[in-house]
Amino acid sequence: NVDDEDDLELIFGTMRRNLHVLKIDSTELEGFPKAFNLPIDQGVAVADINGDQQPEMIFGTFNGQLFAIDATGDTLSNFPLQLDMRLSVTPIVVETDTSLYIIAATNDQKILKINPQGTVKSLYQFNQPIVGSPAVQDLNGDGNPEIIVADESGMLAAVSIDDGTALNLFPIQLDHSITTTPLSADLDGDLKNDLIVSTVDSAITVLSDAGEDLPGFPAKIKASLNGSPVIDDIDADGDLEISIGGSNGLYVLDLKDTGSIEPSWNTYLANNYRTGYYRFSSSTFVRSPVNTVPDQIMLYSNYPNPFNSQTTIHYALHKTTHVELDIYNVLGQRVASLFSGRQQPGVYDVKWDAGNMASGIYIYRLYTERRILSKRMLLIR
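Conventions adopted
Residues numbered from 1 in each chain as written. Predicted model: local features only at pLDDT ≥ 70, side-chain atom pairs only at ≥ 80, totals over all residues. Heavy atoms only, no water. pLDDT = per-residue confidence, 0-100. Contact = heavy atoms within 4.5 Å. Buried < 20%, exposed > 50% of the residue type's maximum accessible area, 1.4 Å probe, protein only. Helix = DSSP H or I, 4+ residues; strand = E, 2+ residues; numbered from the N terminus. Pairing = 2+ DSSP bridges. Salt bridge = Lys/Arg side-chain N within 4 Å of Asp/Glu carboxyl O. Axes fitted to C-alpha atoms, helices over the stretch in contact; angles between N-to-C directions. Phe/Tyr/Trp six-rings, centres within 6.5 Å; stacked < 30°, edge-to-face > 60°. Lys NZ or Arg CZ within 6 Å of the ring centre and 35° of its normal.

So what's going on with the confidence of the model for the chain? Which residues, and what values?
In the predicted model, the chain carries a mean pLDDT of 89, and 95% of its residues have values of at least 70. The low-confidence segment residues 283-291, where pLDDT is below 50, has 26 contacts with residues more than four positions distant or belonging to other chains.

Outline the pairing of strand 21 (residues 241-246), listing residues and values.
For a regular strand, side-chain orientation follows a simple rule: the groups alternate between the two sheet faces. Burial of strand 21 is extensive: five of the six residues sit out of reach of the surface. Note: strand 20 (residues 225-232) against strand 21, five bridges, orientation antiparallel. Residue V230 lies in a different strand from strand 21, and its bridge partner there is S243. Judged from the six bridges that link them, strand 21 and strand 22 (residues 249-254) form a sheet pairing that is antiparallel. Note that in strand 22 the partner of G246 across the bridge is G249. The antiparallel hairpin formed by strand 21 and strand 22 contains two residues in its connecting segment.

Any details on the pairing of strand 17 (residues 194-199)? Residues and values, ideally.
Counting buried residues in strand 17 gives six out of six residues, a clear majority hidden from the surface. Looking at chain direction, strand 16 (residues 183-185) and strand 17 are connected through three bridges and run antiparallel. Within strand 17, the position partnered with L183 by the bridge is I196. Pairing between strand 17 and strand 18 (residues 203-207): five bridges, direction antiparallel. From the neighbouring strand, L195 faces strand 18, where its bridge partner is L207. Connecting strand 17 to the next strand, strand 18, in antiparallel fashion are three residues, including S202 with a positive phi near 60°.

Give me the pattern of salt bridges: which residues, what numbers.
In this structure the tally under the stated criterion is seven salt bridges. For the salt bridge of D209 with K192, the shortest nitrogen-to-oxygen distance reads 3.7 Å. In this pair, D209 sits in the loop between strand 18 and strand 19 (219-220) while K192 sits in the loop between strand 16 and strand 17, placing the two residues 17 residues apart along the sequence. For D254, the salt bridge identified is with K256, shortest N-O distance 2.8 Å. D254 sits in the partly exposed class, given a relative accessible area of 35%.

Lay out the sheet that holds strand 9 (residues 100-105) in plain terms, naming residues and giving numbers.
Pairing in this open sheet of five strands is mixed, and the strands run 11-10-9-8-23 from one edge to the other. Both edges of this open sheet fall to strand 11 (120-125) and strand 23 (277-279), since each of them pairs with a single strand only. For this sheet, the mean angle separating the axes of adjacent strands, direction not counted, is 25°.

Which residues make up the packing of aromatic side chains, and what are the values?
Under the criterion given, the structure shown has eight aromatic pairs. Plain terms: the ring middles of F36 and F67 are 4.9 Å apart, the flat faces sit at 70° to each other, and that makes the pair edge-to-face. In this pair, F36 is assigned in the loop between strand 3 (34-35) and strand 4 (40-47) and F67 in strand 6 (residues 65-69), connecting sequence segments 31 residues apart. Of the two residues examined, F36 and F67, each falls in the buried class. Seen from their ring centres, F59 and F67 are 5.7 Å apart, and the 10° between their planes marks the pair as stacked. Directly above the aromatic system of F36 lies the positively charged group of K34, at a separation of 5.9 Å from the ring centroid.

Residue-level account of unusual backbone geometry, with values.
The residue after F79, namely P80, is reached through a cis peptide bond having omega 0°. Examined against the element boundaries, P80 turns out to sit in the loop between strand 6 and strand 7 (81-82). A cis amide bond links Y303 to the next residue, P304, at an omega of -5°. Looking at the secondary structure, you find P304 in the loop between strand 24 (298-299) and strand 25 (310-317). Positive phi, close to 80°, is recorded for N78, a residue that is not glycine. Position of N78 relative to the elements: it lies in the loop between strand 6 and strand 7.

Next up, the structure:
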């Protein structure tokens, strides 16, 4: 959403050198389409990169320029930047507790880190074309994010966002070419994020934090795989599913361990709006700011997690709705009902005292009139 209205916009560039911002009624946002001198290359990232509380649009053109423009069509100061080569994939934007960076891959197989002041730093050099947009995740648990990127040879790299140093065990060379953006999620419930990619041999590969295949993977699919997977608890049963499109239909792998997608890069371009924006916090609790009302219903990680006896669950509502917040054990039995009633837009904190509950994994589930969201927490006595 780049204007002051509630509805979302569709943002895309064309080979006819125009950037379009279409409203829900198919009309253009005022000032658009905006014409450029060369075709717009790859997709558009959307994020507030100058701190004015309004999102900007970040994209590249065929001559290697990187633009950042606001909702009026004006180009931000320090932009456009002239890169050595044009973008090879859609850029992403990563915000940490202290910094914000645009992460871009270029046709000379480089991963670049760019700050809002226009400073460009090369983080990593591949030997083969880069596949899909970069992903972000703290794989080693040091409180700092890594940039995760794959190339056509099947090489999977994870490098520090600070200086491009490769993480221990990386790069990892797979047996087959990688075809999609890497994703991350805790699929096996060990509180550590795993890496998920699809490969040219129609398989989904899942690597643990130790760089080893998770049991049951690679999982062969009897179809050519199209696009990146999506990882979520789509049936609200407390465990995760991997969904991916194939040449003859949609495939869904049901995982029986109680995993978690929070915080993780569980879908292409970080979120279902495909903005490419990811807010990383060294805290275990915030993936995106919770001091302001978001433009959708959000269920955040509880804090602390793991916890002993008491924890706080945070969620946010963008519209008035009926809300129920319940706790379930891994057998699917409801063990506590924390709230039931109608609530106004806002950010809410609810404490849960586990009392005499046994140690183990519990699922907290937020029911609203239009969405059901679930997350996992660990009680340790």
